[in-house]
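Listed here are the chains, written in short residue letters.
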Amino acid sequence: MVETQELEALIQLLAVPGIGPARVRALVGHFRSGSAVLQATQHELCQVPGIDQTLAQNLLESRNAAFARRQLALMAHRQCTIVTFWDDEYPARLKHLSDAPVLLHLQGSLRSVARNAVAIVGTRSPTAYGKLVTEKIVAGLVARGVTIVSGLARGIDTIAHRTVLQNGGRTVAVLGSGLDVVYPAENRDLLEGIAGSGAAISEFPFGTKPDAVNFPRRNRIISGLSLGVVVIEAGRESGALITANFALEQGREVFALPGNIFSAKSAGPHQLIREGARLVESADEIVEELQGQLDLFTDAADEQALPPDLQESDAAVFNLLSHEPLHIDILTRKLALPSAQVMAILLDLELRGLIKQLPGKFFVRA
C-alpha cells in the first residue's frame, strides 16, 4: 500500500480543477510520485504532455494539504481504506480504462471483486416482472460463483444487491457519492451488509454529494469491473444504457432481458437487443456466453517454467508477469529500474515470444 504522505499528495492532485485521473497518472508517471509532482516548478510541470500553463498554475495554487489530511482522518474514523492505481489490490480489469480512477475509497475487501464479476443494472422503478427476473438471474449467477456488481440505486440495483446477500454471495456496490454519503439513504443498512461480505467503493472523496454528474463516472467503473453488463428493464433515457455503452467501449459483453412490449421499461433492453446485445433469459446463458473469458481469469497459479537462458534482469521482469495484465508503471515501480530499461526488456521478451503487449502498455505472459 502507498504510504500516507503519498496518499496525501494524490488526494491533493485529484482536487485540483482540470486535473482528472488520466492527467494525475501522467504526472506521477513523469515525476515517479505524487509527492514529487507537488515539488515541481511550473516549467517542469509543463514538460508533461497535456499540462499547459493554466493547468500548471492550477497545480501550484490549488494545493490543499488540510483537505487531504481531513480525508485521511475520515477514512480512518470510518474504517475505510484507499487503494491506488499502483497497488496490487487494484482491480486488474479496471486498469485498462483510459480514465481509470487513481484512487478507490474502499469499505470491505477488493478480494471480493472476483475475476468473474458481472454487472446487473436497470430502472429505479421496476415492474413486478422486473423484480422477479432480477431475483431469478442474480440467484442463478450467485449459485455459479459469480460476483454481482451494481450501483446501490433504488430499483433493480437494490434488488440485485439484496438477492446476493440473501443467497450468501459476493456483491460490489459502486457509489456516485462519497462512502459517507449513502444514496438513497434507505440503503444504509444494505450498504453495511454489502461491505461485510463484499465491497463498497467510490472514486469520490468523503463528503461528495450524489450529484447527477457523478453517476456516469460511477457507471464506467461498474462496467469496468465486470466481464459483462446485464440490463434488466430500462427506459430509453435510463442510466443503465449509459453503463451498457461504457461496456461496449471497454470491450465488455452486453446482455439484455426481453420484456413486455407494452411496457416503457422494456424499451431500453429491446433497443440494446436490436443493436446487437445478447438476448438472455437465464443465468446459464450468461455464464455460457462468458465461459471463454472466465477460463482466462482463473485463480490458479501460473505454472509456466522460467526459460533457462534469461539474464537476471529479464528473469525479474518475466517473474512479475502472469496471464493477468500488468501495467508498465507498476512493473517499473516493483523493479526499481529506469522505465527505458524496463521497456527494452519487455520488447526483448516480446520478440522472443515469451510475453504479449496489450493496449495501454499492459503486458501478459504469452
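Coordinates for the structure precede this section.
From a predicted model like this one, the values you see are computed outputs, not experimental measurements.

**Things to note about the overall build of the protein chain**
Phase 1 of the analysis: A tally of helices and strands in the protein chain yields 16 helices and twelve strands.
Phase 2 of the analysis: Here the protein chain has a C-alpha radius of gyration of 21 Å; the compact-globule value for 366 residues is 21 Å, and the two agree.
Phase 3 of the analysis: If you line up the protein chain on its principal axes, its C-alpha atoms span 60 × 50 × 35 Å.
Phase 4 of the analysis: The buried share of the protein chain, reckoned over its 366 residues, is 53%.
Phase 5 of the analysis: Total accessible area on the protein chain is roughly 16300 Å²; 52% of this is exposed by carbon and sulfur atoms.
Phase 6 of the analysis: Within the protein chain, one finds 34 positive and 39 negative side-chain charges whose respective centroids are separated by 5 Å.

**Description of the pattern of salt bridges**
Phase 1 of the analysis: Applying the stated criterion across every chain, the model contains eight salt bridges.
Phase 2 of the analysis: With a closest N to O distance of 3.9 Å, Arg-352 and Asp-348 form a salt bridge.

**Observations concerning the sheet that holds strand β1 (residues 81–84)**
Phase 1 of the analysis: Taken together, nine strands build an open sheet; the order of strands is β1-β2-β6-β5-β4-β3-β7-β8-β9 and the sheet is mixed. The sheet is open, and its two edges are formed by β1 and β9 (278–279), each paired on a single side.
Phase 2 of the analysis: In the sheet, β1 pairs with strand β2 (residues 103–108) via four bridges, with the strands oriented antiparallel. Bridged to Ile-82 within β2 is His-105.
Phase 3 of the analysis: Packed onto the sheet, helix α10 (residues 214–224) meets β3 (118–122), β4 (148–150), β5 (171–174), β6 (199–202) and β7 (228–232) and runs at close to 160° relative to β5.
Phase 4 of the analysis: Strand contacts of helix α12 (residues 267–274): β7, β8 (253–256) and β9, with the helix running at about 130° to β8, the strand carrying the most contacts.

**Section: the packing of helix α14 (residues 312–320) against helix α15 (residues 328–335)**
Phase 1 of the analysis: Look at α14 against α15: their axes get within 11 Å of each other, and the N-to-C directions meet at 125°. Between α14 and α15, the angle is such that the two are oblique. Read as a crossing pair, α14 and α15 show a hand that is right-handed. Between α14 and α15, the residues in contact are Ala-316, Val-317 and Leu-320 and Leu-331, Lys-334 and Leu-335, respectively.

**Thoughts on helix α2 (residues 21–31)**
Phase 1 of the analysis: Considered for burial, the residues of α2 that qualify are Pro-21, Val-24, Arg-25, Leu-27, Val-28 and Phe-31. Burial along α2 is one-sided: seen end-on, the buried residues are contained in an arc of 160°.
Phase 2 of the analysis: Lining the buried residues of α2 we find α1 (4–14), α3 (34–39), α4 (42–45), α5 (53–61), α10 and α15.
Phase 3 of the analysis: After α2 finishes, the residue Arg-32 shows a positive phi value of roughly 80°.

**Quick word on the pairing of β2**
A regular strand carries its side chains on alternate faces of the sheet.
Phase 1 of the analysis: Counting buried positions over the six residues of β2 gives five, a clear majority of the element.
Phase 2 of the analysis: Taken together, the four bridges between β2 and β6 define a ladder with antiparallel strand orientation. Along β6, the bridge assignment pairs His-105 with Ser-202.

**Brief notes about helix α11 (residues 239–249)**
Phase 1 of the analysis: Among the residues making up α11, those that are buried are Ala-240, Leu-241, Thr-243, Ala-244, Phe-246 and Ala-247.
Phase 2 of the analysis: Contacts made by the buried residues of α11 are with β3, α10, β7, β8 and α12.
Phase 3 of the analysis: Structurally, the start of α11 carries an N-cap: the backbone nitrogen of Ala-240 is 3.0 Å from a side-chain oxygen of Ser-238.
Phase 4 of the analysis: Just downstream of α11, Gly-251 is the residue with a positive phi angle, here 80°.

Criteria and thresholds
- Residues numbered from 1 in each chain as written.
- Predicted model: local features only at pLDDT ≥ 70, side-chain atom pairs only at ≥ 80, totals over all residues.
- Heavy atoms only, no water.
- Helix = DSSP H or I, 4+ residues; strand = E, 2+ residues; numbered from the N terminus.
- Rg over C-alpha atoms; globule rule 2.2 N^0.38 Å.
- Buried < 20%, exposed > 50% of the residue type's maximum accessible area, 1.4 Å probe, protein only.
- Areas by Shrake-Rupley, 256 points an atom, 1.4 Å probe, with all protein chains shown as cover.
- Lys, Arg positive; Asp, Glu negative; His and termini not counted.
- Charge placed at Lys NZ, Arg CZ, Asp CG, Glu CD.
- Salt bridge = Lys/Arg side-chain N within 4 Å of Asp/Glu carboxyl O.
- Pairing = 2+ DSSP bridges.
- Contact = heavy atoms within 4.5 Å.
- Axes fitted to C-alpha atoms, helices over the stretch in contact; angles between N-to-C directions.
- Parallel < 35°, antiparallel > 145°, perpendicular 65-115°, else oblique.
- Left-handed = near helix turned anticlockwise from the far one by under 90°.
- Arc of directions from axis to C-beta.
- Polar contact = N/O pair within 3.5 Å; in protein donor to acceptor, adjacent residues only side chain to side chain.

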